[in-house]
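Understanding the architecture of this molecule
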Amino acid sequence: MTKTRVFVLAAIVALIAAFIAFDLGHYITLDYFKSQQAAINDVYIAHPLRTAAIFFAVYVTVAALSIPGAAVMTLVAGAIFGLLWGTVIVSFASSLGATLAFLASRFVLRDWVQEKYGDKLRPINTGVEKEGAFYLFGLRLVIGFPFFVINLVMGLTPIKTWTFYWVSQTGMLAGTVVYVYAGTKLGEFAVSIGLGVALALLGFFPLMAKKVLGTLRARKVYAKWNKPASFDRNLVVIGAGSAGLVTAYIAAAVKAKVTLIEKHRMGGDCLNTGCVPSKALIRTAKLLSHIKRAPEFGIKSAHAEFDFAEVMERVQRVIRTVEPHDSAERYRQLGVECITGDAKITSPWTVAVNGKTITTRNIVIAAGARPLVPPIPGIADIGCLTSDTVWNLRELPRRLVVLGGGPIGCELAQCFARFGSQVTQVEMLPRILIREDPDISDRVLARFREEGVNVLTGHRATQFKIEDGQKVLICEHNGKNVRVEFDELLCAIGRVANTTGYGLEELGIPLSPARTVATNDFLQTIYPNIYACGDVAGPFQFTHTAAHQAWYAAVNALFGGVRKFKADYSVIPWATFTDPEVARVGLNEQDARQQGVAYEVTAYGIDDLDRAIADGEAHGVVKVLTVPGKDKVLGATIVGEHAGDLLAEYVAAMRHGLGLNQILRTIHIYPTLTEANKYAAGAWKRAHQPRRLLAWVERYHAWMRR
């Protein structure tokens, strides 16, 4: 920081310190004005221009130094100068003072902030450069937002000074009028109808401003499009996965006219290539693992013969059994028009499919996601299975490489190992299941290694090649190359949203940094009548969160003119269906530490649970994070048999504000695995015993024995 900048900063600090030290703040309070109102009015009558000039200068100074008091001075301006001149004086004084604060922030801090945090601020800078005037205008319309914060923060961005000034002048004008008008009534210092109206306007203005802002934004994005005079549909949904199906179901249930368009298969990834087939495969693999454990259950010997092709055919039978739940026939009976074809959004109100154009008041994008295949040299030459294509296998790979240590990679790696493949799991990060706490992922890793999965963590895949007809993966680990020979590769490093091919580019709908469709809190894109939900929108890629988002998308699309709802992600559970299962909701320890959230940990080992012992599944843990000294649940992680089912109690507790004391007081059937939750609550209770009270109780009982 240059000497000039240091001097300016020191001068500002000195002025603010003097303001505090000399208690100048009491001169800009309503109490002070009330006590001096008569004298001030006399001075104004005698010297109107001088009084206005002094007031203007003080107002500019207060605003420039970001000193609290501008709101009070605006009310006072109304009481002294009246509505017209009070508005004129405050409008220019506030804009000038705000601009001075803006310039001071820019001169002193912008270069340092941009140099230090430039990478993180790049999206903000880009947005300000593109639509800075609009964003600033929106902030100025909202009275409750601290204006001095806007002044200082905008000074750190690339917005031009003149743009900042004129947007501030116009954006604050409406709020200034409301406050000055309130001041004209407050000047009477008596309850009156006018005062009541002014106060009502102060409360109503933020809502009105929000509506105006939405209207202005809509006009801007819709400017180049011609809106149809009428509509064929209330809603068109693109994609018939979990999000699209639920959206269409809700729309039909409330008697809206809805069209559901799917280019491939109804049910989406979850039914056809995700949740349903993977759980069917996991079930068969688990049965094989139990047969291998026969001696543990008092059975001298047991073995199983299987044909992998028949196992995969069973998976398809399960899909076909579930399929009617998501079928076009069922949804047509519910009142949904179902169309198979490639949808293309041609305007904010039109969707083309199969040579036909449908006009619709609202559109919901639920296009899902697809497996991500990384551009590793040679991967295209050796062939690559994904979670979409692995279900086509009918011959068990002898040697399988699973690339990725996330939930999908872990589930399938264990499955194929249990069927007899020599599985090597390659993960570039230090451990598998990186989103879980280390002690949790270590439990899964230990089981994997017991079952013969060769887990290579900290290994980065750098090249695939074929040597003498043999497929080889080259990994980098600690600066050295590691060779892994294999027969089949399964890539499971994540999924990427489907964002191309159906009109987003033509409409200019932007993507988020995570490469999903960018939406606001209400799941709206830049076009208020176009929504996105499910995997294509993120931030979670779970079937249950897609269905959760679908409710908000459907209700906001159909009834947003009356009321809109922000999508609530406060309590999102998930599970990884390995053996042992891992299920979580809310914070775990690593998340709490990263977010700076204070917590206590209570753990109960499931190896002590009667039912788990009887079932031969005496392993795992219930791990609960709570507010220090309180029973409020911040998060829970469960590892063990049926962890995903056991977690539901903690999901309900967090969603409905129940604490561990309520869980402890709930009757749990004996003997069941759900008792683990009660015992975890009991462990918390023992750690928070009222020791002093118990000491007195002990004395009471001793006295009673005399």
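Shown above is the structure to which this text applies.
Overview of the structure.

Concerning the sheet that holds strand β11 (residues 460-467)
Read from one edge to the other, the open sheet built from 3 strands follows the order β11-β12-β13, with strand pairing classed as antiparallel. Whereas interior strands pair on both sides, the edge strands pair on one side only; in this sheet they are β11 and β13 (480-486). Neighbour to neighbour, the strand axes of the sheet diverge by 25° on average, direction disregarded. As paired strands, β11 and strand β12 (residues 470-477) are joined by 7 bridges and run antiparallel to one another. Its bridge partner lying in β12, Glu467 is registered against Gln470.

Brief notes about the sheet that holds strand β17 (residues 573-576)
Strand order in the open sheet formed by 5 strands is β17-β18-β21-β20-β19, with antiparallel pairing between adjacent strands. This sheet does not close on itself; its edge strands, each paired only once, are β17 and β19 (600-605). Within this sheet the neighbouring strands show an average axis-to-axis angle of 10°, counted without direction. Where strand β20 (residues 621-626) lies against strand β21 (residues 633-640), 6 bridges are found, and the strand directions are antiparallel. Directly across from Leu625, in β21, lies its bridge partner Gly635. With respect to the sheet, helix α22 (residues 648-656) is in contact with β17, β18 (581-586), β20 and β21, its orientation differing from that of β21 by roughly 175°.

Section: the environment of Val167
The residue Val167 is located in helix α6 (residues 161-171) in this model. Residue classification places Val167 among the buried residues on the basis of a relative accessible area of 1%. As for Val167 and Ser95, which are separated by 72 residues in sequence, their C-alpha atoms are 9.1 Å apart.

Quick notes on the nonpolar core
Within the largest apolar cluster, 38 residues are counted, with the highest numbers of intra-cluster contacts made by Leu281, Phe416 and Val423. For this core, the secondary-structure elements that each account for two or more residues are α11 (275-292), α12 (308-322), β8 (399-403), α15 (407-419) and α16 (438-450). When residues in this core are grouped by element, the largest group, 7 residues, is from α15. With sequence-adjacent residues up to four places away left out, Leu281 is seen in contact with Val311, Met312, Val315, Trp391, Leu412, Cys415, Phe416 and Phe419.

What to know about empty space enclosed by the protein
Inspection of the entire model under this criterion finds 4 cavities of 30 Å³ or more. What the largest cavity holds in volume is close to 40 Å³. Ile282, Ala285, Glu411, Gln414, Cys415, Arg418, Phe577, Thr578 and Asp579 together form the lining of the largest cavity. Looking at the lining of the largest cavity element by element, the count peaks at 4 residues for α15.

Some thoughts on the packing of α11 against α12
At a closest axis distance of 9 Å, the pairing of α11 and α12 adopts a crossing angle of 135°. Classed by the angle they form, the pair α11 and α12 counts as oblique. Of the two elements, α11 crosses α12, and the hand of that crossing is right-handed. Facing α11, whose interface residues are Val276, Pro277, Ala280, Leu281, Arg283 and Thr284, α12 presents Val311, Met312, Arg314, Val315, Val318, Ile319 and Val322. Within the contact of α11 with α12, the residues separate by chemical class into 10 nonpolar, 1 polar and 2 charged.

What about the pairing of β12?
Here β11 hands over to β12 after 2 residues, with Asp468 in that stretch at a positive phi of 55°. As defined by bridge partners, β12 adjoins β13 across 7 bridges and the pair is classed as antiparallel. Looking at β13, one finds that His477 is bridged to Lys480. Between the antiparallel neighbours β12 and β13 lie 2 residues, among them Asn478 with a positive phi of about 55°.

Some remarks on the packing of aromatic side chains
If you walk through the whole model with that rule in mind, you get 18 aromatic pairs. With a centroid separation of 5.7 Å and an interplanar angle of 25°, the aromatic rings of Phe542 and Trp574 are classed as stacked. Here Phe542 is found in the loop between β16 (530-532) and α18 (543-559), whereas its partner Trp574 is found in strand β17, with 32 residues between them in sequence. Like Trp574, Phe542 is buried. Centroid distance Tyr700 to Trp703: 6.3 Å. Interplanar angle 35°. Geometry classified as tilted. One end of the pair, Tyr700, and the other, Trp703, are both in helix α25 (residues 691-704), 3 residues apart, so they sit about a helical turn from each other. Taken together, the ring pairs in this structure connect Tyr44, Phe55, Tyr59 and Phe81 into an aromatic cluster. Its guanidinium or amino end placed over the ring of Trp696, Arg699 lies 4.7 Å from that ring's centre, counting from NZ or CZ.

Cut-off values and rules
Residues numbered from 1 in each chain as written. Predicted model: local features only at pLDDT ≥ 70, side-chain atom pairs only at ≥ 80, totals over all residues. Heavy atoms only, no water. Pairing = 2+ DSSP bridges. Helix = DSSP H or I, 4+ residues; strand = E, 2+ residues; numbered from the N terminus. Axes fitted to C-alpha atoms, helices over the stretch in contact; angles between N-to-C directions. Contact = heavy atoms within 4.5 Å. Buried < 20%, exposed > 50% of the residue type's maximum accessible area, 1.4 Å probe, protein only. Core = buried A, V, L, I, M, F, W, Y, C linked by side-chain atoms within 4.5 Å. 1 Å grid on protein atoms, 1.4 Å probe; cavity = no way out; pocket = protein on both sides within 12 Å on 5 of 7 lines; lining within 4 Å. Points joined across faces, edges and corners; volume = space filled by probe spheres on them. Parallel < 35°, antiparallel > 145°, perpendicular 65-115°, else oblique. Left-handed = near helix turned anticlockwise from the far one by under 90°. Nonpolar A, V, L, I, M, F, W, Y, C, P; charged D, E, K, R; others polar. Phe/Tyr/Trp six-rings, centres within 6.5 Å; stacked < 30°, edge-to-face > 60°. Lys NZ or Arg CZ within 6 Å of the ring centre and 35° of its normal.

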